[in-house]
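# Topology and contacts: notes
Listed here are the chains, written in short residue letters.
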Amino acid sequence: MNLRTLMLGASTAALLCGFAHAETLTIATVNNGDMIRMQGLTDDFTTKNPDIQVEWVTLEENVLRERVTTDIATKGGQYDIVTIGNYEVPIWAKQGWLVALDGLGDDYDVDDLLPAIRGGLSLDGKLYAAPFYGESAMIMYRKDLFEKAGLTMPDSPTWEFIGEAARKITDRDADVNGICLRGKAGWGENMAFLTALDNSFGGRWFDENWQPQFDQPEWKASLQFYVDMMKDAGPQGASSNGFNENLTLFQQGKCGMWIDATVAASFVSNPNDSTVADKVGYAIFPDTGNGNHGHWLWSWNLAVPASSTKAEAAQKFISWATDKAYTELVASKEGWANVPPGTRTSLYKNAEYQKAAPFAAPTLAAMDAADITKPSVKPVPYTGGQFVAIPEFQSLGTTVGQLFSAVLAGQSSVDDALAQAQTIAVREMTRAGYIK
Amino acid sequence: MARAVSNRRKTIATIVAWLVALIIFFPILYTVLTSLKTEPEAIQGFSLVPSFTLESYVTVHTQRDYFKPFMNSVVLSLGSTLLALLVAVPAAWSMAFSPTRRTKDILLWMLSTKMMPAVAVLVPIYLIFRDFGLLDTRIGLTIMLTLINLPIVVWMLYTYFREIPGEILEAARMDGASLWGEIVYVLTPMAVPGIASTMLLNIILAWNEAFWTIRLTTTNAAPLTAFITSFSSPQGLFWAKLSAASTLAIAPILIMGWFSQKQLVRGLTFGAVK
């Protein structure tokens, strides 16, 4: 056996040992554009960390929640990183289901995270998930239709103005609806918008004693306003429309205004998909003159379940995916307009991003205006802007959403729906032990 | 006159049969048509005229690996079917040819397990899989699919076996056939059409199972059902891509069903025509 053979054997053994020690991270995520982009860029991470391999599990949003909840609750250990919303993070952190992210590295700039987003992902001063992208809600409107109607969007529009403008620019013959809003039932669909709307009308889900507030005048005023406006200026079949349906309508020039997640701005301003890309203006979520702009705040975040045995490697990946360097990586490969928005202050100070993304300033304004610790002008016992951060909200929100969607479809009245919502909410909150 | 009435009846029956077939097949047809549309077209509303673009197939192919989940589907559906037959043939034989007072109760009890909502046992099953290290393994999922389809397999085989005269088996026994020989050399050849159709139906059921296959797998054992669900998106258009993924997932089983339809129909009507 000569030296060359010996060396070759030793190298092969070393290589095999290297592979044997390589850790594989299993990451559960949803099929959003930014997540798909991240999957495509994984090589950058594995090249820098050859001892870590990455496998992706992409699931439908609700299946992902159910799968991950089952796995974490039973300590199945199937996932090393999970993609979850800022609704789940505080609830799961309190349950001890998530690992505190204290191993993101010295270079990781935590202070650069937008304060509102960071606050929603922290418990007792510890970060339990790192934001991958974030969003608030704002008005996207057609500047050409506004000009034609002789309207000017104010810096801080009121709902009264929005209602009038929606009716004025509606042109059924030309297939233009004054406003498109979510109507599809679901806690993350119509109830996200209606909760933010009610916040801006001065309403709230629960008072300080967890008593449901659907019997209060604010809910009646906001729901009636929504239904009337949609009847006069909304698209046909609006009770089936969610984010995706309204996105299509707006991109095809069939909506004068669309009030929804800020992340939509990058879709409607993309000339490859949108026929109105160069005609879109942006404005802050309306209020009723009370300074409350709905407090909509959502982020998709990466977290490490307590059942993972690879927490250290998982935090390395999270640090890579949510750091400033990742933003620059995406920008270099796919352009600044495609970087994940809504998580870092530095991105909004970046001149190149501001140039590539005309919606950057209104997005930041919307996110800065959101305070999930004070969603209503009245005191509340919960946190959350367009949701209530309690475990019962998913089920309750969807049930109430079905009642309100039925009102929009003309199957019941505002009063009946509110009365039923109040009865159901009282029953559920009593059963869950919030109301003694 | 009688012939005219008979012909009219035949025509009506044919039209009704075609209508029913069209209604049943329509969701599959619409899925295929949607997969050939652009994303904005797909969400626009009802339309039977696609722009015949293949962009969704290209995206699906670029984004995800099709081969691994496809192979998992093949292994799981074939494996669970063979395992189910291995258990079900002797079980159905004993119930068909040596029934007791409790046989019918047992059969009904077996079928009643199918009436239980799967989600009700999700956590206990998940815990068992975790403790036995079966999560995300082909062997675990094969056992699971075998168990959930076993009642139907036993029931179908029991129905076919009941059509076979017991005297033939008795004659074999008198000629000195062992129990094994009786099942393998006498019963099985006579019940081939029934066993084949049971097999085919079980393969289809296992291929399409989407509750356990999504919930008990992550990356290694995930079949095509998990492949499909990965294309649903909360923010962004996805209907055309989802339809393309669904078409790719159902294509193999559709082709198999097309080529084996004679055996399938023969087996399914085996008891009725006797």
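Please read all numbers here as calculations on a predicted model, not as lab measurements.

For the rest of this paragraph, the subject is the overall build of chain B. What chain B contains, in helices and strands, is 15 helices and zero strands. Overall, the C-alpha framework of chain B stretches about 70 × 70 × 30 Å when taken along its three principal axes. The long-range share in chain B, meaning contacts at least 24 apart out of those at least 6 apart in sequence, stands at 77%.

Let's shift gears to the nonpolar core. All names here are of chain A. Grouped together as the largest cluster of nonpolar side chains are 131 residues, with contacts concentrated most on Ile81, Met140 and Phe317. Taken domain by domain, the makeup of this core includes at least three residues from each of domain 1 (3-135 + 298-356) and domain 2 (137-296 + 372-431). Apart from residues lying up to four places away in sequence, phenylalanine 317 is in contact with Leu25, Phe45, Val54 and Ile81.

All names here are of chain A. Counting buried residues in strand β6 (residues 130-135) gives six out of six residues, a clear majority hidden from the surface. By the bridge criterion, five bridges tie β6 to strand β11 (residues 298-303) in an arrangement that is antiparallel. In the sheet register, tyrosine 133 faces β11, and the bridge partner there is tryptophan 300.

By a frequent convention, interface size equals the accessible area lost on bringing the separate parts together. Each partner contributes to the interface: chain B provides 25 residues, whereas chain A provides 25 residues. Elements with a minimum of two residues in the side of chain B that touches chain A: α2 (39-44), α6 (122-131) and α11 (212-215) of chain B. At five residues, α6 of chain B tops the list of elements feeding residues into the side of chain B that touches chain A. Its residues assigned to classes, the side of chain B that touches chain A comprises 12 nonpolar, 10 polar and three charged.

Here we come to the environment of lysine 148 of chain A. Here lysine 148 of chain A shows up in helix α7 (residues 143-148). The exposure class of lysine 148 of chain A is partly exposed, given the 13 C-beta atoms found within 10 Å.

All right, on to the sheet that holds strand β7 (residues 137-142) of chain A then. Residue and element names in this part refer to chain A. Ordered by their spatial adjacency, four strands build an open sheet running β8-β9-β7-β10, and the pairing between neighbours is mixed. Every other strand in the sheet has two partners, leaving β8 (177-180) and β10 (280-284) as the edge strands with one partner each. Within the sheet, the average angular offset between the axes of one strand and its neighbour, ignoring direction, is 20°. Here β7 runs beside strand β9 (residues 255-261); their pairing, made up of five bridges, is antiparallel. Opposite tyrosine 141, over in β9, you have methionine 257 as the bridge partner. Sitting on the sheet, helix α11 (residues 243-251) is in contact with β7, β8 and β9, with an inclination near 145° to β9.

Attention now goes to the packing of helix α4 (residues 67-97) of chain B against helix α10 (residues 192-208) of chain B. Residues and elements named next belong to chain B. The geometry of α4 relative to α10 is characterised by a closest axis approach of 9 Å and an angle of 140° between their N-to-C directions. Our classification of the angle between α4 and α10 gives oblique. Helix-helix and strand crossings are classified by hand; for α4 and α10 the assignment is right-handed. Counting all contacts with α4, which are made through Ser73, Leu76, Ser77, Leu78, Ser80, Thr81, Ala84 and Leu85, the residues of α10 involved are Ile195, Met199, Asn202, Ile203, Ala206 and Trp207. Per-class residue counts for the contact of α4 with α10 are nine nonpolar, five polar and no charged.

Residues and elements named next belong to chain A. A large share of strand β1 (residues 23-29) lies buried, amounting to five of its seven residues. Sheet analysis places β1 next to strand β2 (residues 52-58), joined by seven bridges and oriented parallel. Bridge assignment links glutamate 23 to a residue of β2, and that residue is isoleucine 52. Relative to strand β3 (residues 81-85), β1 runs parallel, the two being bridged by two bridges. Bridge assignment links isoleucine 27 to a residue of β3, and that residue is isoleucine 81.

Attention now moves to the domain arrangement of chain A. Residue and element names in this part refer to chain A. For chain A, the domain assignment lists domain 1 (3-135 + 298-356) and domain 2 (137-296 + 372-431). The C-alpha centroid of domain 2 is placed 32 Å from the C-alpha centroid of domain 1. Taken together, the contact between domain 1 and domain 2 spans 11 residues of the former and 11 residues of the latter. Counting residues per element, the ones that place at least two in the side of domain 1 that touches domain 2 are α5 (88-95), α6 (115-120) and β6. Residue composition of the side of domain 1 that touches domain 2, by class: eight nonpolar, two polar and one charged.

In this section: the packing of helix α9 (residues 190-200) of chain A against helix α10 (residues 217-233) of chain A. Residues and elements named next belong to chain A. In contact at an axis separation of 9 Å, α9 and α10 are set at 125° when each is read in the N-to-C sense. On the basis of their axis angle, the class for α9 and α10 is oblique. The way α9 lies across α10 gives a crossing that is right-handed. Residues Leu194, Leu197 and Asp198 of α9 lie in contact with α10, whose contacting residues are Glu218, Trp219, Ser222 and Tyr226. Residue composition of the contact of α9 with α10, by class: four nonpolar, one polar and two charged.

This next bit is on the sheet that holds β6 of chain A. Residues and elements named next belong to chain A. The strand order across the open sheet built from five strands is β2-β1-β3-β11-β6, with neighbouring strands paired in mixed fashion. Edge positions in the sheet fall to β2 and β6, since each has one partner strand and no second. Neighbour-to-neighbour, the strand axes of the sheet open up by a mean angle of 20°, direction not taken into account. Contacting β1, β2, β3, β6 and β11, helix α13 (residues 311-322) runs over the sheet at an angle of about 35° to β6.

What follows deals with the confidence of the model for chain B. Residues and elements named next belong to chain B. Here chain B averages 90 in pLDDT, and 96% of its residues register 70 or above. The lowest-confidence element of chain B is helix α15 (residues 270-273), averaging 50 in pLDDT; the highest-confidence one is α4, averaging 95. In the model output, the complex is listed with pTM 0.85 alongside ipTM 0.82.

On to the environment of lysine 310 of chain A, then. Residues and elements named next belong to chain A. Counting through the fold element by element, lysine 310 comes out in the loop between β11 and α13. When the 18 C-beta atoms within 10 Å are taken as the criterion, lysine 310 is described as partly exposed. The spatial distance from the C-alpha of lysine 310 to the C-alpha of threonine 70 is 19 Å, given a sequence separation of 240 residues. Among residues more than four places away in sequence, those in contact with lysine 310 are Glu23, Leu25 and Asp80.

Residue and element names in this part refer to chain A. Averaged over all residues, the pLDDT of chain A is 92; the fraction at 70 or higher stands at 95%. Of all the helices and strands in chain A, helix α1 (residues 3-21) carries the lowest mean pLDDT, 54, while α10 carries the highest, 98. Confidence drops under pLDDT 50 across residues 14-20; counting only partners more than four residues distant or on other chains, this segment forms zero contacts.

With that settled, the discussion passes to unusual backbone geometry. Look at tryptophan 210 of chain A: it is not a glycine, yet its phi comes out positive at around 65°. You can see tryptophan 210 of chain A is positioned in the loop between α9 and α10. Using a count of 20 C-beta atoms within 10 Å as the deciding quantity, one classes tryptophan 210 of chain A as buried. A positive phi angle, close to 55°, is found at phenylalanine 52 of chain B, a residue other than glycine.

Calculation notes
Residues numbered from 1 in each chain as written. Chains lettered and ligands numbered in written order. Predicted model: local features only at pLDDT ≥ 70, side-chain atom pairs only at ≥ 80, totals over all residues. Helix = DSSP H or I, 4+ residues; strand = E, 2+ residues; numbered from the N terminus. Contact = placed C-beta atoms within 7 Å. Core = buried A, V, L, I, M, F, W, Y, C linked by C-beta atoms within 7 Å. Buried ≥ 20, exposed ≤ 12 C-beta atoms within 10 Å, placed from the backbone. Domains from an automatic or database assignment. Pairing = 2+ DSSP bridges. Nonpolar A, V, L, I, M, F, W, Y, C, P; charged D, E, K, R; others polar. Axes fitted to C-alpha atoms, helices over the stretch in contact; angles between N-to-C directions. Parallel < 35°, antiparallel > 145°, perpendicular 65-115°, else oblique. Left-handed = near helix turned anticlockwise from the far one by under 90°. pLDDT = per-residue confidence, 0-100.

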